[in-house]
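# Summary of structural features
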Amino acid sequence: MEIALALAKKGAGKVNPNPMVGAVIVKDGKVIAEGYHEEYGKSHAEVNAFNNALEDVRGATMYVTLEPCSHYGKTPPCVEKIIEKKISRVVIGMVDPNPIVRGQGIEKLLSQGIEVVTGVLEEKCKKLNEVFIKYITLKKPFVIMKTAMSIDGKIATSSGESKWITKEESRKQVHKLRNEVSAIMVGVNTVIKDDPELTCRIENGKNPIRIIVDSTLRIPRDSKVIKGANEVKTIIACTEKLNNEKGLELKKQGVEILLTKSKNNRVDLDDLMTKLGEMNIDSLLLEGGSTLNFSALEEGIVDKIQVYIATKIIGGENSKTPVGGKGIENLKDVFKIENMNLSLIGQDIFIEGYIK
């Protein structure tokens, strides 16, 4: 199953909104086949493993990170292929949370006399597909809030300078994450202040869909995200208070305007997540400024946080922090982090955790 998990990870950023899945076939104590879901719409891990088999798989054991599918989608059901190939035993990491599968693949295998074992390295399998689990059950993207700051909690100096607080190793990891998620989101203030490209700058990487939260369309027409909208899909989320004339001009430049409900005269982020889910966007990297970060936490759309901490002190009463907005008045109402992990990336400290 460890081998299957390692194989599954190779599909990161290529299979969305499908899950990452790995499969290993073992016969007479040796691995005779390996496969993983390589690209959305193409063969699943089990089929690829069969295609890569070094010998007859009849009577072998298949290890697969996720319950084999039992329905027709982009490809035929994998359970049919497992039955056809006369696999005698299937070891499954986790049950598929997809309501149209959930346990049915296992039942079909059992009905054909195939031995089934479940729950092997289950927590690792769930961690691998945390994005898929949320998306397939709630039809909303899994949101990762990422920020980089100094050790005293500043994201910029008092003059607004922010490039670069963390080291290159940390920035490379962020671009790797951009390659894996479906979309990246910032607020319009970040675009006005920093004019970012919001692209993935790693070899053979894919650019995430760019989403700008801009209630009234204040975004500058000459910003990099607008200029490059024909090359990289760019969505501006706004309310009914948008500047319609400017909206028509931006559409001509290749921008997609997405109208959302209004909440406190701003984009309703929960409604935005629903609409993005309907667009098959299963994961979102939030690299917003402090105002958008607080709004995202307040509206409960954030699932996971990633914080890169540089071993530097900036100081300054006017130096911005990662989370701004109106803030929390009472400690009992704070946003709590659980299942936190801490590691070093070069000279930077990296903290990852989940919003309780």
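Residues numbered from 1 in each chain as written. Predicted model: local features only at pLDDT ≥ 70, side-chain atom pairs only at ≥ 80, totals over all residues. Heavy atoms only, no water.

## Examining the sheet that holds strand 16 (residues 348-355)
Strand order in this open sheet of nine strands is 10-9-8-7-13-6-14-16-15, and the pairing throughout is mixed. For this open sheet the edge positions go to strand 10 (256-259) and strand 15 (337-345), each flanked by a neighbour on one side alone. Neighbouring strand axes in the sheet, compared pairwise and without regard to direction, differ in orientation by 20 degrees on average. Summarising the sheet, strand 14 (residues 304-310) and strand 16 pair through six bridges and their orientation is antiparallel. Considered in strand 16, the bridge of Val307 is made with Ile351. (Pairing = 2+ DSSP bridges. Helix = DSSP H or I, 4+ residues; strand = E, 2+ residues; numbered from the N terminus. Axes fitted to C-alpha atoms, helices over the stretch in contact; angles between N-to-C directions.)

## Examining the domain arrangement of the protein
We note that the domain assignment places domain 1 (1-130) and domain 2 (139-355) within the protein. Inter-centroid distance (C-alpha atoms) of domain 1 to domain 2 is 35 Å. The partner domain 2 presents 11 residues to the six residues of domain 1 that form the contact. Each partner contributes to the roughly 680 Å² buried at the junction of domain 1 and domain 2, and carbon and sulfur atoms together form 41% of this total. At the boundary of domain 1 and domain 2, one finds two salt bridges. Between Glu130 and Lys304 there is a salt bridge, and its shortest N-O distance comes to 2.7 Å. For the pair domain 1 and domain 2, the interface holds six residue pairs in polar contact (both at pLDDT 80 or more). Residue composition of the side of domain 1 that touches domain 2, grouped by class: two nonpolar, two polar and two charged. (Domains from an automatic or database assignment. Contact = heavy atoms within 4.5 Å. Buried area = accessible area lost by both parts, 1.4 Å probe. Salt bridge = Lys/Arg side-chain N within 4 Å of Asp/Glu carboxyl O. Polar contact = N/O pair within 3.5 Å; in protein donor to acceptor, adjacent residues only side chain to side chain. Nonpolar A, V, L, I, M, F, W, Y, C, P; charged D, E, K, R; others polar.)

## Describing the packing of aromatic side chains
Taken as a whole and assessed by the stated rule, the structure comprises two aromatic pairs. Between Phe294 and Phe335, the ring centres sit 6.1 Å apart and the planes meet at 70 degrees, which makes this aromatic pair edge-to-face. Taken together, the positions of Phe294 in helix 12 (residues 290-298) and Phe335 in the loop between strand 14 and strand 15 put the pair 41 residues apart, joining distant regions of the chain. When its relative accessible area of 4% is taken as the criterion, Phe294 is described as buried. Ring geometry for Tyr308 versus Phe350: centroids 4.8 Å apart, planes at 40 degrees, classification tilted. One end of the pair, Tyr308, is in strand 14; the other, Phe350, is in strand 16, with 42 residues separating them in the sequence. Each of the two residues, Tyr308 as well as Phe350, counts as buried. (Phe/Tyr/Trp six-rings, centres within 6.5 Å; stacked < 30°, edge-to-face > 60°. Buried < 20%, exposed > 50% of the residue type's maximum accessible area, 1.4 Å probe, protein only.)

## Overview of the UniProt feature "binding site: NADP(+)" (unreviewed entry) in the protein
With numbering aligned to this structure, UniProt lists the feature "binding site: NADP(+)" (unreviewed entry) at Ala148, Trp164, Thr190, Asp194, Ser215, Gly289, Ser290, Thr291, Leu292, Asn293, Phe294 and Ser295. These annotated residues cover 148 residues of sequence, and their C-alpha atoms sit far apart, with the largest distance between any two at 28.7 Å. Tracing the backbone shows Ser215 in the loop between strand 8 (209-213) and helix 9 (224-227). Apart from residues no more than four positions distant in its own chain, Ser215 is found in contact with Ala237, Cys238, Thr239, Lys241, Leu242, Asn265, Arg266 and Val267. Tracing the sequence through the fold places Ser295 in helix 12. Owing to a relative accessible area of 14%, Ser295 belongs among the buried residues under this scheme. Beyond its immediate chain neighbours, meaning those up to four positions away, Ser295 contacts Arg266 and Leu269. (UniProt positions renumbered as here; feature names shortened; annotations may be inferred.)

## What to know about the layout of surface pockets
In this structure, the second largest pocket occupies an estimated 840 Å³ of space. Lining of the second largest pocket is provided by 31 residues; of these, Met20, Lys127, Leu128, Glu180 and Lys304 occupy positions nearest its centre. Of all the secondary structure elements, the ones that give two or more residues to the lining of the second largest pocket are helix 1 (2-8), helix 5 (122-128), helix 6 (130-138), strand 6 (142-150), helix 7 (168-180), strand 14 and strand 16. With four residues, the top contributor of residues to the lining of the second largest pocket is helix 7. Counting contributing residues, the lining of the second largest pocket receives three or more from each of domain 1 (1-130) and domain 2 (139-355). (1 Å grid on protein atoms, 1.4 Å probe; cavity = no way out; pocket = protein on both sides within 12 Å on 5 of 7 lines; lining within 4 Å. Points joined across faces, edges and corners; volume = space filled by probe spheres on them.)

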